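Residue-level structural notes
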Amino acid sequence: MRGNVLLVEDEEALRMTVGDRLRNEGYAVEYAANGDEGFEKATLLPFDLIILDVMLPLKSGLVVCREIRQAGLVTPILMLTARGQTADKVNGLKIGADDYVTKPFDMRELVARIEALLRRPPSRPVVQTDDFHFGSVHVDLAGTEAKRDGAVVNLSAREFQLLRYFIEHRGATLSRDELLKQVWGYSAYMYTRTVDVHVASLRQKLESDPKQPKSILTVWGLGYKFKS
Ligand code: CA
């Protein structure tokens, strides 16, 4: 068995198609057909990954995602968003989703994203005790927590991994491809926008002026550079 997946989706046909494919790939699949049921199962049962549709009856996928994170669960969340609804993607990533796939999607793409999320390193490394400061930000790398002006900053697991990678490679120019490969675990030009969305979110949360970043810098034509 490759992993326990919770699939929260109200369209029965899609639930069946995705569920059958994932079982064929060796995953165990549990279903929820609305937001309430999704949140309940996500917090009661242990899952390796949650696939969460945005448009759900009773409670939207975005609300479910936020409540799952507020409940302290770090289970990777893959959102299913409708074509053209860019705000859903950005909001989903901001409130703690790890990745998204736009409907209609190719099953191979969905499976590849799931594998990448399950391959990512655990969010709490065993040996890591360093604290790191930049600007008014204090990062506790061992406790996977960041504070700005003394107040805890809410970062998604992926945002924290990206921040950690920046800190560990400070001063180096990092291409989007490298960040995708090292932080997300997959490499494909079509996903590089994901890096930009996460960088924008980190700047929003950590920079005093996100439009004039002092630490998370853009290197035009090449990628990003972290400067402390
Ligand atoms: Ca739906």
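A quick note: this is a predicted structure, and the numbers were derived from the prediction, not measured.

1. Quick notes on the packing of aromatic side chains
Two aromatic rings are characterised by how far apart their centres lie and by the angle between their planes. Applying the stated criterion across every chain, the model contains four aromatic pairs. Summarising the aromatic geometry, the rings of phenylalanine 134 and phenylalanine 226 are spaced 4.9 Å apart at their centres and angled 85° between planes, so their arrangement reads as edge-to-face. Residue phenylalanine 134 is located in strand E6 (residues 131-134), and its partner phenylalanine 226 is located in strand E12 (residues 223-226); the two are separated by 92 residues in the primary sequence. Phenylalanine 226 gets classed as buried once you look at its relative accessible area, which sits at 0%. When the centroid spacing of 6.3 Å and the interplanar angle of 20° are considered together, the rings of phenylalanine 166 and phenylalanine 226 count as stacked. Pair noted here: phenylalanine 166 is in helix H6 (residues 157-168) and phenylalanine 226 is in strand E12, with a separation of 60 residues, a long-range link. Taken together, the ring pairs in this structure connect Phe132, Phe134, Phe166 and Phe226 into an aromatic cluster.

2. A look at the pairing of strand E4 (residues 77-82)
A regular strand places its side chains on the two faces of the sheet in alternate fashion. Within E4, five of the six residues are buried, leaving the element largely enclosed by the surrounding structure. The pairing of strand E3 (residues 49-53) with E4 spans four bridges and is parallel. Bridge pairing in E4 places leucine 52 opposite methionine 79. Summarising the sheet, E4 and strand E5 (residues 99-103) pair through five bridges and their orientation is parallel. Among the inter-strand pairings, methionine 79 is bridged to a residue of E5, identified as tyrosine 100. Regarding topology, helix H4 (residues 86-94) serves as the crossover connection from E4 to the parallel E5, and that connection is right-handed.

Conventions used here
- Residues numbered from 1 in each chain as written.
- Predicted model: local features only at pLDDT ≥ 70, side-chain atom pairs only at ≥ 80, totals over all residues.
- Heavy atoms only, no water.
- Phe/Tyr/Trp six-rings, centres within 6.5 Å; stacked < 30°, edge-to-face > 60°.
- Helix = DSSP H or I, 4+ residues; strand = E, 2+ residues; numbered from the N terminus.
- Buried < 20%, exposed > 50% of the residue type's maximum accessible area, 1.4 Å probe, protein only.
- Pairing = 2+ DSSP bridges.
- Right-handed = clockwise from strand over helix to strand, strands pointing away.

In short, the description is geometric, and any link to function would need to be established separately.
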